[in-house]
Amino acid sequence: MLGAVTPDSFDTLHSYTNTFQVPFVTPWFPEKVIPPTSGLIDYAISLKPDYHRAVIDTITFYGWKTIIYIYDSHDGLLRLQQLYQSLQPGMATFRITNVKRVSNAIEVVTFLGSLERLDRWSNKYVVLDCGTKLAKDTLILHVRDVQLGRRNYHYFLTGLVLDDRWEKEVSEYGAINITGFRLLDFSRKVVQNFIEVWRRDSISAQAALMYDAAQVLVDSILRMLRKKPDFLRSNMRRNNFANNSKAIDCNPTNKISPYEYGERISKIIKRTELDGLTGLIRFTETGHRRNFTLQLIEMTVNREMIKIGTWYDDRGLIPVKTKLPGLKELGFYDRNKVYIMSTIAEDPYVIINNEYTDQSSKFTGFCVDLAYLVLEKLEIKFEIRLVKDRKYGAINTKLPSGWDGLVGELVRKEADLAIAPLTVTLEREGVIDFSKPFLSFDVKSKSNTPFSTTFSFFQPLSKEIWLCIIGSFFGVSFCLFLVSRFSPNEWRVMSFTDSHTTENNEVATTKTTVVNEFNLWNSMWFSLGSFMQQGSDIAPRSISGRIVGSVWCFFALVVVSTYTANMASYLTITRINEPLHAYSKVTNCPEDQVPKYIEEPDDTWMGFLSTQSFLGEEKKKPCEMLVSVTQSGIKDFAVAFPKGSKLRDGVNLALQALRDSGELQALVRKWFIDTKCAVDHEVHGTSLSLNQFAGLFYILVAGLGMALTIALLEFIQHGRSEAVRANISLRKALRDNASRNARLNQETPPREQREETDQMDWNGGGFAGYYASGQSGVQEETALHGSFTQV
């Protein structure tokens, strides 16, 4: 059974479903449903959550002490009864002063008017438990009634009516305080997808619950079918056989025959876990909803609904945190009180002046000047005191507060605030409060050295980039060598005259050979000349070779330009205002950042092994740090307060004002930057990393790959033409050409020119070397494009 029934007829249907063991899925139960007294299974399942506890939590959240309860149905009366039962004597946070059952909006306004005549000026909080239409009519009549107030009334709509559509053009809704629950969370993807298909901007809570009820039933039946696929078929055959009777007797004289799968389906439904419109759907053993949420909504003066919190059935009401917490308490600290500021002696933060004339000149330093700037903006008086045990603060179980140092004084509230080089840590934030950071620092990088070494011209580029450039040079040279060997356009026929003297006369012989200028050494020379932007006396003639040269020239252009620009940033060091720097000064780490040594045990033999003298350690400050007020570093310094201090918000605003006006940066320049220095040697460029050059190497690799592909296509195309000319197979032609290319660097003596016409292979057969340097009369005859005829 699936559907919604009225509270009056629910008990009858509930009895029938339990008797015949038929699962009954309904969008909502009446507020008070008595489970079967026989201890049998309850076959009714409700999708509507039991949220009377949410009503109590919301009233407590607003701090209402007295409420007026108005309802319009038997369901509302049952909810009122549960409210009374939840308010335990002596522990109730509010009282229900007036209760009224109404049937229309006029009765509501009339009842409130009678209360208004008794007490006109007090705030009135009305809990209105009714449907959407009655709630809308009541609010409109209330605003239009001149006898009723507006500002002193706050309506709390508990009937899940804010899921319905509330017309923004009705100005009365924004004229009075309205709060209520919404069942649907429109930030969830499931709800957004449904609204998009629904093509409306809202859906009522009743309709959403009915939709989820159908989804639960469908999901349960499908899971039942997966476990027992034939249970519906056997049930249909029995029904067809029994359809001879005209009616079903609900009061049989014989033994009642319950539905044989009812108990199993009911258990499957109660084990449902489904993400529905109304949230996560889960049930208890009694068929009630659990692990659900409600959205607490307020209506603004513009008739917009704003979420102010979420109510969970297991955690209660969780309000939405405001963006600026605690601003309402600004200015409520005591300006007549003398506040105790605790600090610690640490150069240059706090320096003790032994020759002071008055109390104000006893301490100097960065933190002292900062304290005067901040606390004077708050217009409060303060006294600076050094921490008694001269420690920053660490966990110490021997002390009552559990902490020593500055943190311990704040925990014990012996000081009102602490302005010192105190680092913000997770453990400290658990026991004290911190302001916004007034100083950030990072450990000094060892690679961040001045530009003054012997090979400093390598620093604009990282080591990885230099290694990749060298590898690219050899890779491009070898690629150019390969494509030149396999491309027929790089081979040329050269004719030269060789003269020699015999016994009678001088004989001149004309010889011809096939040459390729791009051997391995010439390829490397071409790559080097292109990278240095000086050119070379040889140039590639084939398409693949020109692609290699073009990509390599583009690569060299980008590398040289980038190197030149970064070299200029290294050599050009100018003084810039500190707010533009990431870090302004290198200084020693305070004692709070020095690694703590193991304390010597009191009465154990391990004390001998752990003493600092035995280990040869000395208490030093081994690290340096870079401080900044503009960017966050690894650690932060902040002003510390006891938990819940009202000074925190004022100090935060004062620090922000100092940062905006530049006074905080002036303090950094005063205490951390040497004004005698003409040049800030810490300001210089950084080496470019491989990640910044990765795209350029990708382009180079892609160009080389394309060149190799084109060279291979040229090699195959020429092999095909040679196979056709010589009437041999393509495989044999390619194998012969490859074997000749393997002997490309072997020099053979040139042959004398013969008179008859002779066909020569494209790579010249045996003519694979250069002519001798002593030979004269050389002349280039033609470029070779396949085969040629000797003349």
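What counts, and at which threshold
- Within any chain, residue numbers begin from 1 and follow the written order of that chain's sequence.
- Per-residue local features are limited, in this predicted model, to residues with pLDDT of at least 70; the limit for side-chain atom pairs, both in listing and counting, is 80 or more; totals at the level of whole chains, interfaces and linings are taken over all residues.
- To obtain the side-chain values, all non-hydrogen atoms of the structure were included, while hydrogens and water were left out.
- Comment: elements are numbered from the N terminus, with helices defined as DSSP H or I runs of at least four residues and strands as E runs of at least two.
- Per-residue accessibility, obtained with a 1.4 Å probe over protein chains only, is compared with the maximum for each type, and a residue is labelled buried under 20%, exposed over 50%, and partly exposed between these values.
- Two residues qualify as a contact provided that any one of their heavy atoms is within 4.5 Å of a heavy atom in the partner residue.
- The Shrake-Rupley method, run with a 1.4 Å probe, gives the accessible areas here. Residue values count only the displayed protein chains as cover.
- One requirement defines pairing of two strands: DSSP has to find at least two bridges between them.
- Lines fitted to C-alpha atoms define the axes here, with helix axes fitted over just the stretch in contact, and angles between the N-to-C directions of these axes take values from 0 to 180 degrees.
- In this analysis, a patch consists of residues with relative accessible area above 30% that form no salt bridge, clustered at 9 Å for like charges and at 5 Å for the nonpolar side chains Val, Leu, Ile, Met, Phe, Trp and Tyr.
- Each reported salt bridge corresponds to a side-chain nitrogen of Lys or Arg within 4 Å of a carboxyl oxygen of Asp or Glu.
- UniProt positions are given in the numbering used here, feature names are shortened, and annotations may be inferred rather than shown by experiment.
- Angles below 35 degrees are treated as roughly parallel, those above 145 as roughly antiparallel, those between 65 and 115 as roughly perpendicular, and all remaining angles as oblique.
- Crossings are assigned a handedness: left-handed for a near helix turned anticlockwise from the far helix by less than a right angle, right-handed for a clockwise turn.

1. Topic: the overall build of the protein chain
- Secondary structure summary: the protein chain contains 21 helices and 27 strands in total.
- Each of the 791 residues in the protein chain was classed as buried or not, and the buried ones make up 43%.
- Counted over contacts in the protein chain with a minimum sequence separation of 6, partners at least 24 positions apart contribute 70%.
- As displayed, the protein chain offers around 44300 Å² of accessible surface, 55% of which is attributable to carbon and sulfur atoms.

2. Points about the sheet that holds strand E4 (residues 95-101)
- As summarised here, the arrangement of the eight strands in space is E4-E3-E5-E6-E7-E11-E12-E13, forming an open sheet in which the pairing is mixed. Looking at which strands have only one partner, the edges of the open sheet turn out to be E4 and strand E13 (316-319). Taking the axes of each pair of neighbouring strands and ignoring which way they run, one obtains an average angle of 25° across the sheet.
- Inspection of the sheet shows strand E11 (residues 293-299) paired to strand E12 (residues 305-312) by seven bridges, in the antiparallel sense. The residue of E12 that forms the bridge with threonine 293 is tyrosine 312.
- Sitting on the sheet, helix H4 (residues 105-118) touches strand E3 (66-71), E4, strand E5 (124-129) and strand E6 (153-157), and the angle it makes with E3 is about 155°.

3. Things to note about a nonpolar patch on the surface
- A cluster of nonpolar side chains, contributed by Trp525, Leu528 and Met532, occupies part of the molecular surface with about 320 Å² of accessible area.
- As for its position among the elements, leucine 528 is in helix H14 (residues 520-531).

4. Section: unusual backbone geometry
- Proline 348 follows aspartate 347 through a cis peptide bond whose omega is 5°.
- Structurally, the position occupied by proline 348 is in the loop between strand E14 (338-343) and strand E15 (351-352).
- Its identity is not glycine, yet glutamine 21 carries a phi of approximately 55°, on the positive side.
- Position of glutamine 21 relative to the elements: it lies in the loop between helix H1 (7-20) and strand E1 (24-26).
- A positive phi is found at arginine 199, a non-glycine position, where the angle reads about 60°.
- Note on placement: arginine 199 falls in the loop between helix H6 (189-198) and helix H7 (205-227).

5. Focus on the UniProt feature "binding site: L-glutamate" (unreviewed entry) in the protein chain
- Mapped onto this numbering, the UniProt entry annotates "binding site: L-glutamate" (unreviewed entry) at Pro421, Thr423 and Arg428.
- One can find proline 421 in the loop between strand E18 (417-418) and helix H12 (426-429).
- Looking at the element boundaries, threonine 423 is found in the loop between E18 and H12.
- Since its relative accessible area comes to 2%, threonine 423 is described here as buried.

6. Let's talk about the packing of helix H10 (residues 366-377) against helix H19 (residues 663-672)
- It is the contact of H10 with H19, at a shortest axis distance of 10 Å, that shows an interaxial angle of 160°. By the criterion of interaxial angle, the relationship of H10 to H19 is roughly antiparallel. The way H10 lies across H19 gives a crossing that is right-handed. Within the contact between the two elements, H10 uses Phe366, Asp369, Leu370, Leu373 and Lys377 and H19 uses Glu663, Leu664, Leu667, Val668, Lys670, Trp671 and Phe672.

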